[in-house]
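# Understanding the architecture of this molecule
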Amino acid sequence: MSEQATETKKTTTTTTTGKAKYQPSDFLKAVLGRPVIVKLNSGVSYRGILACLDGYMNIAMEQTEEYDDGQLKAKYGDCFIRGNNVHYISTIKRR
Amino acid sequence: MAGRLLPLELVDRCIGSRIWVIMKGDKEVVGTLRGFDEYVNMVLDDVTEYTVTAAGREKNQLDQILLNGNNVCIMVPGGDPEASSSSSSSSS
Amino acid sequence: MSSECREPLDLIRLSIDERVLVKCKGDRELRGKLHAFDQHLNMVLGDVEETVTIQDVDEETQEEIIRASKRNIEMLFVRGDIIILVSPPLRTT
């Protein structure tokens, strides 16, 4: 993965059907500064505030909690996650 | 080329409908496709995440996710792993 | 942090000459002073404590045994691609 995601490119993937698209870049703009869950390929997940991210899906998070198998394992004030480990970034449902 | 559907055009046609994504490894994801980029990173809504373990399929429900395209293996439009697993067991 | 962090690597940049925690693949954790890093996240750490966690199952009781072995290394190079997470020390300011 190289340059991607955070850059808004209008040239890519033109809609053949004309349906409204919500691209990854739109999602990222919407979740910046909000609480998210970042799940890694290993199955470990991180819950915290998404501070920023780049085209490699490298992520900087604040007030991060590390969960493994649903159990809280550690807390980090700030943390950097290397993008190649990321499985998904999820919004957190408000209760 | 006319009339032939390019792979990414098929994905594009899935926008707004359910899609089943099989990842490299033991993970599968089903959700409504909202959009994707040139790396096939995908925004999915109303997601069910499956992790295949020795004990069976583990399920997890999520609102909206950005799925990393890096480990995507297979995508099935309109697919549902629960429907297909039951049909395969009945046919064998 | 948000104000000073425009891209994720800024977080690492701000941690130069500070002690950081580096979580690596293979249940390996490194705690040391960050001397240098590059865009791949290759790092040079000094005064490092390496912790390797090993999970074992006791053959008689079938209980899980978690063992942590530690060692100290004066200076080392970490290849960026084995890094999962980097956490800078808690800043109070």
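Small disclaimer: the values here were computed from a predicted structure and weren't measured. (Residues numbered from 1 in each chain as written. Chains lettered and ligands numbered in written order. Predicted model: local features only at pLDDT ≥ 70, side-chain atom pairs only at ≥ 80, totals over all residues. Heavy atoms only, no water.)

## Observations regarding the overall build of chain A
Definition in use: Segments assigned H or I by DSSP are reported as helices when at least four residues long, segments assigned E as strands when at least two residues long, and all are numbered from the N terminus. For each residue, the accessible area found with a 1.4 Å probe, counting protein chains only, is set against the maximum for its type, and the residue is called buried under 20%, exposed over 50%, and partly exposed in between. Computed with the Shrake-Rupley method and a 1.4 Å probe, the accessible areas treat only the protein chains shown as cover for residues.
Along chain A, the regular secondary structure elements total one helix and five strands. Secondary structure of chain A in N-to-C order comes out as α-β-β-β-β-β. Looking at chain A as a whole, 51% of its 95 residues are labelled buried. As displayed, chain A has an accessible area near 4,600 Å², and 47% of this comes from carbon and sulfur atoms.

## Some details on the interface of chain A and chain C
Counted only if it meets this: Throughout, a contact is declared for two residues whenever any of their heavy atoms are within 4.5 Å. As used here, buried area is the combined drop in accessible area, with a 1.4 Å probe, of two parts when they are placed together. Criterion for a salt bridge: a side-chain nitrogen of Lys or Arg within 4 Å of a carboxyl oxygen of Asp or Glu. N or O atoms within 3.5 Å of each other form a polar contact, as long as, within protein, one can give a hydrogen and the other can take it, and as long as residues adjacent in sequence are counted only when both atoms are side-chain atoms. Residue classes follow a fixed rule: Ala, Val, Leu, Ile, Met, Phe, Trp, Tyr, Cys and Pro count as nonpolar, while Asp, Glu, Lys and Arg count as charged, and any other residue, Gly among them, counts as polar. Paired strands are those between which DSSP finds at least two bridges.
Taken together, the contact pairs 21 residues of chain A with 24 residues of chain C. For the pair chain A and chain C, the summed buried area comes to about 1,700 Å², and 61% of that belongs to carbon and sulfur atoms. Looking at the side of chain A facing chain C, the largest losses of area belong to A:Asp78, A:Phe80 and A:Arg82, adding up to 40% of the total buried there. Connecting chain A to chain C are one salt bridge. With a closest N to O distance of 3.4 Å, A:Glu66 and C:Lys23 form a salt bridge. For the interface between chain A and chain C, the tally reads seven residue pairs in polar contact (both at pLDDT 80 or more). A total of six residues in the side of chain A that touches chain C trace back to one element, the largest contributor, which is strand 4 (residues 71–81) of chain A. The residue inventory of the side of chain A that touches chain C, partitioned by class, reads twelve nonpolar, four polar and five charged. Across two bridges, the pairing between strand 4 of chain A and strand 5 (residues 83–87) of chain C is antiparallel. The residue of strand 5 of chain C that forms the bridge with A:Phe80 is C:Val86.

## Observations concerning the environment of C:Ile66
All names here are of chain C. Positionally, isoleucine 66 belongs in strand 4 (residues 64–78). A residue is classified by how much of its surface remains accessible, and isoleucine 66, at 57% relative accessible area, is exposed. With residues near it in sequence (within four places) discarded, isoleucine 66 still touches Thr53, Ile54 and Gln55.

## With respect to the pattern of salt bridges
Overall, the coordinates contain 16 salt bridges over all chains when judged by the stated rule. Between B:Arg34 and B:Asp45 there is a salt bridge; the shortest N-O distance is 2.7 Å. Taken as a pair, B:Arg34 in strand 2 (residues 27–36) and B:Asp45 in strand 3 (residues 42–53) lie far apart in primary sequence, eleven residues in all. Each of A:Glu66, C:Lys23, C:Glu29 and C:Arg31 takes part in salt bridges that share partners, so that together they form one network.

## Section: the pairing of strand 2 (residues 45–53) of chain A
All names here are of chain A. Judged by how many residues are buried, strand 2 sits mostly within the fold: seven of nine residues are covered. As defined by bridge partners, strand 1 (residues 35–40) adjoins strand 2 across five bridges and the pair is classed as antiparallel. Across the sheet, residue lysine 39 finds its bridge partner in strand 2, namely serine 45. Linking strand 1 back to strand 2 in an antiparallel pair, the connection comprises four residues, with glycine 43 at a positive phi of about 100°. In the sheet, strand 2 pairs with strand 3 (residues 59–68) via seven bridges, with the strands oriented antiparallel. Paired with leucine 53 across the strands is isoleucine 59, a residue of strand 3. Here strand 2 folds back onto strand 3, and the loop between the two strands holds five residues, one of which, methionine 57, carries a positive phi near 70°.

## Structural notes on the packing of aromatic side chains
For clarity, the cut-off: Working definition: a ring pair exists when centres of Phe, Tyr or Trp rings (six-membered ring for Trp) sit within 6.5 Å. Plane angles under 30 degrees give stacked, over 60 give edge-to-face, the rest tilted. In this scheme, the term charge over a ring applies when either NZ of a lysine or CZ of an arginine sits within 6 Å of the ring centre and within 35 degrees of the ring normal.
For the coordinates displayed, the defined rule picks out zero aromatic pairs over all chains. In this structure, A:Lys21 packs its charged tip against the face of B:Phe36, placed 4.3 Å from the ring centre. Cation over ring: B:Arg57 sits above B:Tyr50, and NZ or CZ is 5.7 Å from the ring centre.

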